[in-house]
Amino acid sequence: MREFVAGLPKVELHVHHVGSASPVTVAELAARHESDSPVPADPQELAEYFAFTDFEHFLRVYLSVVNLIRDAEDVRALTWGVARDLAGQNVRYAELTVTPWSSVRQGIPAEAFCEAIEDARLAAARELNLSLAWCFDIPGEATLNSGEKTLDIALRQRPAGLVSFGIGGAEVARSPYRDIFAAARAAGLHIAPHAGETTSAAEVWDAIRLLRAERIGHGIRAVEDPSLVAFLAENRIPLEISPTSNLCTRAVPSIADHPLAELVAAGVPVSINSDDPSMFSTTLIDEYVLAGQMLDLDKAGLADLARAAVRQSFAGDWEKSIILREIDEYCTSLDAGFISG
Ligand code: ADE
Ligand code: ZN
(Lines give C-alpha, C1' and ligand atoms only; values in the text may rest on other atoms or scores of the structure.)
(Ligands and ions follow the chains in the order given, each with its own letter.)
Protein backbone atom coordinates (compact mmCIF):
# COMPACT_ATOMS: atom_id res chain seq x y z
CA MET A 1 0.00 0.00 0.00
CA ARG A 2 2.80 2.36 0.92
CA GLU A 3 4.46 1.86 -2.42
CA PHE A 4 1.15 2.54 -4.17
CA VAL A 5 0.65 5.77 -2.20
CA ALA A 6 4.24 6.86 -2.80
CA GLY A 7 3.76 6.65 -6.57
CA LEU A 8 0.27 8.13 -6.57
CA PRO A 9 0.17 11.74 -7.88
CA LYS A 10 -1.11 13.82 -4.97
CA VAL A 11 -1.95 17.32 -3.83
CA GLU A 12 -1.39 18.76 -0.35
CA LEU A 13 -3.89 21.37 0.85
CA HIS A 14 -2.80 21.98 4.42
CA VAL A 15 0.90 22.19 5.12
CA HIS A 16 2.76 24.92 6.96
CA HIS A 17 5.91 26.47 5.60
CA VAL A 18 7.95 26.46 8.80
CA GLY A 19 6.45 23.19 10.09
CA SER A 20 7.80 21.49 6.97
CA ALA A 21 11.40 22.65 7.45
CA SER A 22 13.47 19.46 7.50
CA PRO A 23 15.23 18.59 10.78
CA VAL A 24 18.55 19.27 8.99
CA THR A 25 17.39 22.78 8.04
CA VAL A 26 16.11 23.47 11.57
CA ALA A 27 19.31 22.13 13.12
CA GLU A 28 21.44 24.35 10.88
CA LEU A 29 19.38 27.42 11.72
CA ALA A 30 19.47 26.52 15.43
CA ALA A 31 23.27 26.20 15.33
CA ARG A 32 23.52 29.61 13.67
CA HIS A 33 21.36 31.27 16.33
CA GLU A 34 22.46 29.18 19.33
CA SER A 35 23.01 32.22 21.55
CA ASP A 36 19.42 33.45 21.44
CA SER A 37 17.28 30.42 20.64
CA PRO A 38 16.05 27.50 22.74
CA VAL A 39 15.89 25.21 19.66
CA PRO A 40 18.53 22.47 19.97
CA ALA A 41 20.93 21.90 17.06
CA ASP A 42 21.61 18.27 18.00
CA PRO A 43 19.30 15.91 16.00
CA GLN A 44 18.51 13.67 18.98
CA GLU A 45 17.70 16.64 21.21
CA LEU A 46 15.66 18.18 18.41
CA ALA A 47 13.54 15.02 18.14
CA GLU A 48 12.90 15.26 21.90
CA TYR A 49 12.14 18.99 21.58
CA PHE A 50 9.42 18.02 19.06
CA ALA A 51 7.57 15.81 21.58
CA PHE A 52 4.52 17.86 22.53
CA THR A 53 2.52 17.67 25.73
CA ASP A 54 -0.49 19.57 24.35
CA PHE A 55 -1.54 22.13 21.72
CA GLU A 56 -0.21 25.12 23.69
CA HIS A 57 3.16 23.44 24.09
CA PHE A 58 3.20 22.66 20.36
CA LEU A 59 2.53 26.33 19.53
CA ARG A 60 5.35 27.51 21.82
CA VAL A 61 7.79 25.15 20.16
CA TYR A 62 6.47 26.05 16.69
CA LEU A 63 6.97 29.76 17.34
CA SER A 64 10.51 29.17 18.61
CA VAL A 65 11.31 27.62 15.22
CA VAL A 66 9.55 30.50 13.42
CA ASN A 67 11.95 32.82 15.28
CA LEU A 68 14.91 31.13 13.60
CA ILE A 69 13.89 32.52 10.20
CA ARG A 70 15.78 35.81 10.14
CA ASP A 71 16.29 36.91 6.54
CA ALA A 72 14.95 36.52 3.01
CA GLU A 73 17.65 33.96 2.19
CA ASP A 74 16.34 31.75 5.03
CA VAL A 75 12.84 32.06 3.55
CA ARG A 76 14.07 31.18 0.06
CA ALA A 77 16.08 28.14 1.25
CA LEU A 78 13.27 26.95 3.50
CA THR A 79 10.66 27.16 0.74
CA TRP A 80 12.88 25.40 -1.77
CA GLY A 81 13.62 22.60 0.74
CA VAL A 82 9.90 22.13 1.40
CA ALA A 83 9.21 22.02 -2.34
CA ARG A 84 11.89 19.34 -2.83
CA ASP A 85 10.44 17.19 -0.05
CA LEU A 86 6.93 17.49 -1.49
CA ALA A 87 8.03 16.73 -5.04
CA GLY A 88 9.92 13.68 -3.73
CA GLN A 89 6.56 12.27 -2.63
CA ASN A 90 4.94 12.78 -6.03
CA VAL A 91 3.04 15.81 -4.84
CA ARG A 92 2.07 17.78 -7.95
CA TYR A 93 0.36 20.78 -6.36
CA ALA A 94 0.57 22.15 -2.82
CA GLU A 95 -1.09 25.04 -1.04
CA LEU A 96 1.56 26.08 1.43
CA THR A 97 0.39 28.04 4.45
CA VAL A 98 2.81 30.90 5.01
CA THR A 99 2.63 33.48 7.76
CA PRO A 100 4.21 36.62 6.26
CA TRP A 101 3.58 38.74 9.33
CA SER A 102 5.89 36.52 11.43
CA SER A 103 8.73 37.27 9.01
CA VAL A 104 7.93 40.97 8.62
CA ARG A 105 7.91 41.28 12.41
CA GLN A 106 11.41 39.75 12.40
CA GLY A 107 12.56 42.56 10.12
CA ILE A 108 12.22 40.90 6.71
CA PRO A 109 10.52 43.42 4.37
CA ALA A 110 7.21 42.15 2.95
CA GLU A 111 8.50 42.63 -0.56
CA ALA A 112 11.61 40.53 0.10
CA PHE A 113 9.53 37.81 1.78
CA CYS A 114 7.20 37.59 -1.24
CA GLU A 115 10.09 37.66 -3.68
CA ALA A 116 11.76 34.77 -1.84
CA ILE A 117 8.69 32.52 -1.85
CA GLU A 118 7.93 33.40 -5.47
CA ASP A 119 11.50 32.55 -6.53
CA ALA A 120 11.06 29.13 -4.93
CA ARG A 121 7.63 28.69 -6.54
CA LEU A 122 8.96 29.40 -10.02
CA ALA A 123 11.96 27.12 -9.48
CA ALA A 124 9.68 24.32 -8.21
CA ALA A 125 7.50 24.59 -11.33
CA ARG A 126 10.55 24.59 -13.58
CA GLU A 127 12.68 21.95 -11.91
CA LEU A 128 10.38 19.76 -9.81
CA ASN A 129 7.10 19.50 -11.74
CA LEU A 130 5.44 20.94 -8.62
CA SER A 131 2.94 23.82 -8.54
CA LEU A 132 3.06 25.76 -5.32
CA ALA A 133 0.30 28.11 -4.18
CA TRP A 134 0.17 30.28 -1.08
CA CYS A 135 -2.35 30.53 1.72
CA PHE A 136 -1.44 33.69 3.68
CA ASP A 137 -2.42 33.13 7.27
CA ILE A 138 -2.89 35.32 10.29
CA PRO A 139 -1.07 34.18 13.44
CA GLY A 140 -3.96 33.83 15.90
CA GLU A 141 -1.74 34.34 18.94
CA ALA A 142 -0.78 37.84 17.76
CA THR A 143 -3.05 40.89 18.05
CA LEU A 144 -5.89 41.75 15.67
CA ASN A 145 -3.44 44.20 14.15
CA SER A 146 -1.50 41.21 12.75
CA GLY A 147 -4.63 40.36 10.76
CA GLU A 148 -4.72 43.82 9.23
CA LYS A 149 -0.99 43.62 8.48
CA THR A 150 -1.38 40.21 6.82
CA LEU A 151 -4.21 41.53 4.69
CA ASP A 152 -2.17 44.57 3.79
CA ILE A 153 0.77 42.40 2.69
CA ALA A 154 -1.56 40.19 0.65
CA LEU A 155 -3.19 43.12 -1.14
CA ARG A 156 -0.10 45.25 -1.69
CA GLN A 157 2.29 42.48 -2.71
CA ARG A 158 -0.22 40.09 -4.24
CA PRO A 159 2.36 37.43 -5.20
CA ALA A 160 1.26 35.46 -8.25
CA GLY A 161 0.99 32.20 -6.28
CA LEU A 162 -1.38 33.63 -3.64
CA VAL A 163 -4.76 31.84 -3.73
CA SER A 164 -6.20 31.94 -0.24
CA PHE A 165 -6.37 33.58 3.14
CA GLY A 166 -6.53 31.90 6.54
CA ILE A 167 -5.88 32.09 10.26
CA GLY A 168 -3.87 29.62 12.33
CA GLY A 169 -1.87 29.49 15.54
CA ALA A 170 -3.78 29.90 18.79
CA GLU A 171 -7.48 29.22 18.34
CA VAL A 172 -8.75 32.62 19.34
CA ALA A 173 -12.34 33.67 18.57
CA ARG A 174 -12.80 34.23 14.84
CA SER A 175 -15.52 36.88 15.05
CA PRO A 176 -13.18 39.93 15.39
CA TYR A 177 -11.56 38.96 12.07
CA ARG A 178 -14.78 39.20 10.09
CA ASP A 179 -14.04 42.45 8.24
CA ILE A 180 -10.50 41.39 7.42
CA PHE A 181 -11.76 38.20 5.81
CA ALA A 182 -14.49 40.10 3.99
CA ALA A 183 -11.80 42.32 2.44
CA ALA A 184 -9.68 39.29 1.47
CA ARG A 185 -12.75 37.71 -0.15
CA ALA A 186 -13.60 40.92 -1.97
CA ALA A 187 -10.06 40.90 -3.35
CA GLY A 188 -10.71 37.49 -4.88
CA LEU A 189 -8.94 35.28 -2.35
CA HIS A 190 -10.36 31.95 -1.25
CA ILE A 191 -11.03 31.54 2.46
CA ALA A 192 -9.51 28.60 4.34
CA PRO A 193 -9.14 29.25 8.09
CA HIS A 194 -8.18 26.81 10.82
CA ALA A 195 -11.16 26.23 13.10
CA GLY A 196 -12.34 23.59 15.55
CA GLU A 197 -8.98 21.90 15.86
CA THR A 198 -8.95 21.89 19.66
CA THR A 199 -11.90 24.13 20.52
CA SER A 200 -15.50 23.50 19.51
CA ALA A 201 -18.03 23.05 16.75
CA ALA A 202 -19.17 26.62 17.49
CA GLU A 203 -15.84 27.93 16.17
CA VAL A 204 -16.38 26.01 12.94
CA TRP A 205 -19.82 27.61 12.63
CA ASP A 206 -18.20 31.02 13.13
CA ALA A 207 -15.60 30.27 10.47
CA ILE A 208 -18.40 29.44 8.04
CA ARG A 209 -20.91 32.13 8.97
CA LEU A 210 -18.62 35.02 9.85
CA LEU A 211 -15.50 34.38 7.78
CA ARG A 212 -17.36 32.57 4.96
CA ALA A 213 -14.89 29.68 4.95
CA GLU A 214 -14.83 27.56 1.80
CA ARG A 215 -12.66 24.91 3.47
CA ILE A 216 -11.79 24.39 7.12
CA GLY A 217 -8.34 23.59 8.52
CA HIS A 218 -8.85 20.57 10.79
CA GLY A 219 -12.45 21.24 11.88
CA ILE A 220 -12.54 17.89 13.67
CA ARG A 221 -14.66 19.26 16.54
CA ALA A 222 -17.50 19.56 14.03
CA VAL A 223 -18.27 15.97 14.91
CA GLU A 224 -19.70 17.20 18.22
CA ASP A 225 -22.62 18.93 16.45
CA PRO A 226 -24.77 16.71 14.17
CA SER A 227 -26.41 19.74 12.54
CA LEU A 228 -22.97 21.09 11.59
CA VAL A 229 -21.90 17.70 10.21
CA ALA A 230 -25.06 17.68 8.05
CA PHE A 231 -24.39 21.27 6.96
CA LEU A 232 -20.81 20.48 5.90
CA ALA A 233 -22.01 17.45 3.95
CA GLU A 234 -24.91 19.24 2.25
CA ASN A 235 -22.95 22.35 1.38
CA ARG A 236 -19.84 20.43 0.37
CA ILE A 237 -17.52 22.33 2.73
CA PRO A 238 -14.38 20.19 3.04
CA LEU A 239 -12.31 19.60 6.15
CA GLU A 240 -8.52 19.46 5.79
CA ILE A 241 -7.67 16.49 7.98
CA SER A 242 -4.23 15.69 9.44
CA PRO A 243 -4.53 12.67 11.75
CA THR A 244 -0.92 12.52 13.01
CA SER A 245 -0.93 16.24 13.78
CA ASN A 246 -4.09 15.82 15.84
CA LEU A 247 -2.47 12.99 17.77
CA CYS A 248 0.83 14.83 18.33
CA THR A 249 -0.82 18.03 19.57
CA ARG A 250 -3.21 15.92 21.70
CA ALA A 251 -6.19 17.33 19.85
CA VAL A 252 -7.34 13.69 19.95
CA PRO A 253 -6.24 11.23 22.65
CA SER A 254 -5.58 8.41 20.16
CA ILE A 255 -6.01 7.57 16.49
CA ALA A 256 -8.85 5.24 17.51
CA ASP A 257 -10.66 8.34 18.85
CA HIS A 258 -10.13 10.37 15.67
CA PRO A 259 -13.46 11.36 14.05
CA LEU A 260 -12.27 10.94 10.43
CA ALA A 261 -14.28 7.76 9.76
CA GLU A 262 -17.42 9.21 11.37
CA LEU A 263 -17.18 12.40 9.31
CA VAL A 264 -16.61 10.50 6.07
CA ALA A 265 -19.52 8.15 6.84
CA ALA A 266 -21.73 11.23 7.30
CA GLY A 267 -20.76 12.48 3.84
CA VAL A 268 -18.43 15.32 4.86
CA PRO A 269 -15.83 15.98 2.13
CA VAL A 270 -12.28 15.61 3.43
CA SER A 271 -8.71 15.87 2.23
CA ILE A 272 -5.69 14.22 3.85
CA ASN A 273 -2.76 16.44 4.77
CA SER A 274 0.45 16.55 6.78
CA ASP A 275 0.17 19.98 8.53
CA ASP A 276 3.69 20.22 10.04
CA PRO A 277 5.33 17.02 8.80
CA SER A 278 8.81 17.59 10.22
CA MET A 279 7.56 18.43 13.68
CA PHE A 280 5.24 15.42 13.73
CA SER A 281 7.75 13.04 12.10
CA THR A 282 5.33 12.29 9.31
CA THR A 283 4.94 12.77 5.57
CA LEU A 284 1.96 13.10 3.26
CA ILE A 285 2.59 9.48 2.22
CA ASP A 286 2.40 8.40 5.89
CA GLU A 287 -0.87 10.32 6.31
CA TYR A 288 -2.46 8.61 3.29
CA VAL A 289 -1.37 5.19 4.55
CA LEU A 290 -2.75 5.97 7.99
CA ALA A 291 -6.01 7.38 6.61
CA GLY A 292 -6.32 4.25 4.46
CA GLN A 293 -6.16 2.14 7.61
CA MET A 294 -8.58 4.39 9.50
CA LEU A 295 -11.10 4.24 6.64
CA ASP A 296 -10.36 0.66 5.61
CA LEU A 297 -9.55 1.68 2.05
CA ASP A 298 -8.12 -0.34 -0.79
CA LYS A 299 -6.00 1.21 -3.55
CA ALA A 300 -9.06 2.48 -5.40
CA GLY A 301 -10.24 4.19 -2.20
CA LEU A 302 -6.87 5.84 -1.71
CA ALA A 303 -6.87 7.06 -5.30
CA ASP A 304 -10.34 8.51 -4.67
CA LEU A 305 -8.99 10.36 -1.61
CA ALA A 306 -6.30 11.86 -3.83
CA ARG A 307 -8.91 12.83 -6.45
CA ALA A 308 -11.11 14.46 -3.80
CA ALA A 309 -8.21 16.65 -2.67
CA VAL A 310 -7.56 17.74 -6.25
CA ARG A 311 -11.21 18.74 -6.67
CA GLN A 312 -11.25 20.60 -3.35
CA SER A 313 -8.09 22.51 -4.18
CA PHE A 314 -7.98 26.13 -5.31
CA ALA A 315 -6.06 25.16 -8.44
CA GLY A 316 -7.48 26.22 -11.78
CA ASP A 317 -9.69 23.80 -13.74
CA TRP A 318 -6.96 23.10 -16.27
CA GLU A 319 -4.43 22.17 -13.61
CA LYS A 320 -6.98 20.03 -11.79
CA SER A 321 -7.79 18.13 -14.97
CA ILE A 322 -4.10 17.41 -15.60
CA ILE A 323 -3.56 15.97 -12.12
CA LEU A 324 -6.80 13.97 -12.26
CA ARG A 325 -5.67 12.49 -15.56
CA GLU A 326 -2.29 11.62 -14.05
CA ILE A 327 -4.04 9.79 -11.21
CA ASP A 328 -6.14 7.85 -13.72
CA GLU A 329 -3.10 6.99 -15.79
CA TYR A 330 -1.21 5.84 -12.70
CA CYS A 331 -4.07 3.56 -11.69
CA THR A 332 -4.49 2.22 -15.22
CA SER A 333 -0.78 1.53 -15.50
CA LEU A 334 -0.91 -0.63 -12.38
CA ASP A 335 -4.21 -2.40 -12.81
CA ALA A 336 -7.02 -1.45 -15.14
CA GLY A 337 -9.44 -2.98 -12.62
CA PHE A 338 -9.57 -0.31 -9.96
CA ILE A 339 -10.43 2.96 -11.59
CA SER A 340 -13.39 4.54 -9.90
CA GLY A 341 -13.89 8.13 -9.96
N1 ADE B 1 0.47 26.44 12.82
C2 ADE B 1 1.22 25.39 12.49
N3 ADE B 1 0.57 24.24 12.76
C4 ADE B 1 -0.62 24.57 13.27
C5 ADE B 1 -1.74 23.85 13.74
N6 ADE B 1 -1.78 22.50 13.75
N7 ADE B 1 -2.78 24.54 14.22
C8 ADE B 1 -2.75 25.87 14.23
N9 ADE B 1 -1.74 26.59 13.79
C10 ADE B 1 -0.68 25.96 13.33
ZN1 ZN C 1 -2.40 23.81 10.24
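Check the entry above for the structure.
So, here is what we can say about the structure in this document. (Residues numbered from 1 in each chain as written. Chains lettered and ligands numbered in written order. Predicted model: local features only at pLDDT ≥ 70, side-chain atom pairs only at ≥ 80, totals over all residues. Heavy atoms only, no water.)

1. Remarks on the sheet that holds strand β7 (residues 216-218)
What counts here: We treat two strands as partners when DSSP finds at least two bridges between them. Put simply, DSSP marks the helices as runs of H or I at least four residues long and the strands as runs of E at least two long, and each gets a number from the N terminus on.
In space, the four strands of this open sheet follow the order β6-β7-β8-β9, with parallel pairing throughout. Of all strands in the sheet, those bounded by a partner on one side alone are β6 (194-195) and β9 (270-272). Here β6 pairs with β7 via two bridges, running parallel. Paired with Ala 195 across the bridge in β7 is His 218.

2. Examining the site of ligand 1
Spelled out, the test is: Only a single heavy atom is needed: when it lies within 4 Å of a molecule or strand, its residue is near that molecule or strand. In the analysis that follows, any N or O atom pair within 3.5 Å is treated as a polar contact, provided that within protein one partner can donate a hydrogen and the other can accept it, and provided that, for residues neighboring in sequence, both atoms belong to side chains. Two kinds of site are reported from a 1 Å grid over the protein atoms alone, namely cavities, where a 1.4 Å probe fits but cannot get out, and pockets, open sets with protein on both sides within 12 Å along at least five of seven lines, and residues are called lining when an atom falls within 4 Å of a point. A cavity or pocket is said to hold a molecule if more than half of that molecule's atoms lie within 2 Å of its grid points. Classification used: nonpolar for Ala, Val, Leu, Ile, Met, Phe, Trp, Tyr, Cys and Pro, charged for Asp, Glu, Lys and Arg, polar for all others including Gly.
Around ligand 1, the neighbouring residues are His 16, Phe 55, Phe 58, Tyr 62, Gly 168, Gly 169, His 194, Glu 197, His 218, Ser 245, Asp 275 and Asp 276. In the model, a nitrogen atom of ligand 1 is placed 2.7 Å from a nitrogen or oxygen of the Asp 275 side chain. For ligand 1, the cavity whose grid points lie within 2 Å of the majority of its atoms is the largest cavity. Looking at the shell around ligand 1 element by element, the count peaks at three residues for helix α4 (residues 55-66). In the shell around ligand 1, the residues fall into three nonpolar, six polar and three charged.

3. Observations concerning the pairing of strand β4 (residues 162-168)
Here is the key point about a regular strand: its side chains alternate between the two faces of the sheet. Threshold: Relative accessible area decides the class of each residue, using a 1.4 Å probe on protein chains only: under 20% of the type maximum gives buried, over 50% gives exposed, and in between gives partly exposed. For the handedness criterion, the strands are oriented away from the viewer, and a crossover whose path from the first strand over the helix to the second runs clockwise is classed as right-handed.
Most of β4 is tucked away, with seven of its seven residues classed as buried. As paired strands, strand β3 (residues 131-139) and β4 are joined by six bridges and run parallel to one another. Opposite Trp 134, over in β4, you have Leu 162 as the bridge partner. Taking the sense of rotation as the criterion, the β-α-β connection linking β3, helix α8 (residues 144-157) and β4 turns out right-handed. Pairing of β4 with strand β5 (residues 190-191), which is carried by two bridges, proceeds in the parallel orientation.

4. Things to note about the packing of aromatic side chains
Defined as follows: Pairs were defined over the aromatic rings of Phe, Tyr and Trp, the Trp ring being its six-membered one, requiring ring centres within 6.5 Å. Orientation was assigned from the angle between planes: stacked under 30 degrees, edge-to-face over 60, tilted for the rest.
Within the structure shown, the criterion is met by ten aromatic pairs. Where Phe 50 meets Phe 52, the ring centres are 6.3 Å apart and the plane angle is 35 degrees; that geometry is what we call tilted. Judged by relative accessible area, which is 5%, Phe 52 ranks as buried. Summarising the aromatic geometry, the rings of Phe 52 and Phe 280 are spaced 6.0 Å apart at their centres and angled 85 degrees between planes, so their arrangement reads as edge-to-face. One end of the pair, Phe 52, is in the loop between α3 (43-49) and α4; the other, Phe 280, is in the loop between β9 and α14 (284-295), and 228 residues separate them in sequence. No difference in accessibility class separates Phe 52 from Phe 280, as the two residues are buried.

5. Let's talk about the pattern of salt bridges
Just so we agree on the cut-off: By salt bridge we mean one thing: a side-chain nitrogen of Lys or Arg within 4 Å of a carboxyl oxygen of Asp or Glu.
This structure, assessed with the given rule, holds 15 salt bridges. Where Asp 304 meets Arg 307, a salt bridge forms, and the shortest distance between an N and an O atom there is 2.8 Å. Of this pair, Asp 304 and Arg 307 both sit in helix α15 (residues 299-312), three residues apart, roughly one helical turn. With a closest N to O distance of 2.9 Å, Asp 328 and Arg 307 form a salt bridge. Taken together, the residues span a long stretch of sequence, with Asp 328 in helix α16 (residues 317-334) and Arg 307 in helix α15 at a distance of 21 residues. Residue class for Arg 307 comes out buried when judged on its relative accessible area of 1%. What emerges from the salt-bridge pattern is a single network uniting Glu 73, Arg 76 and Asp 119.

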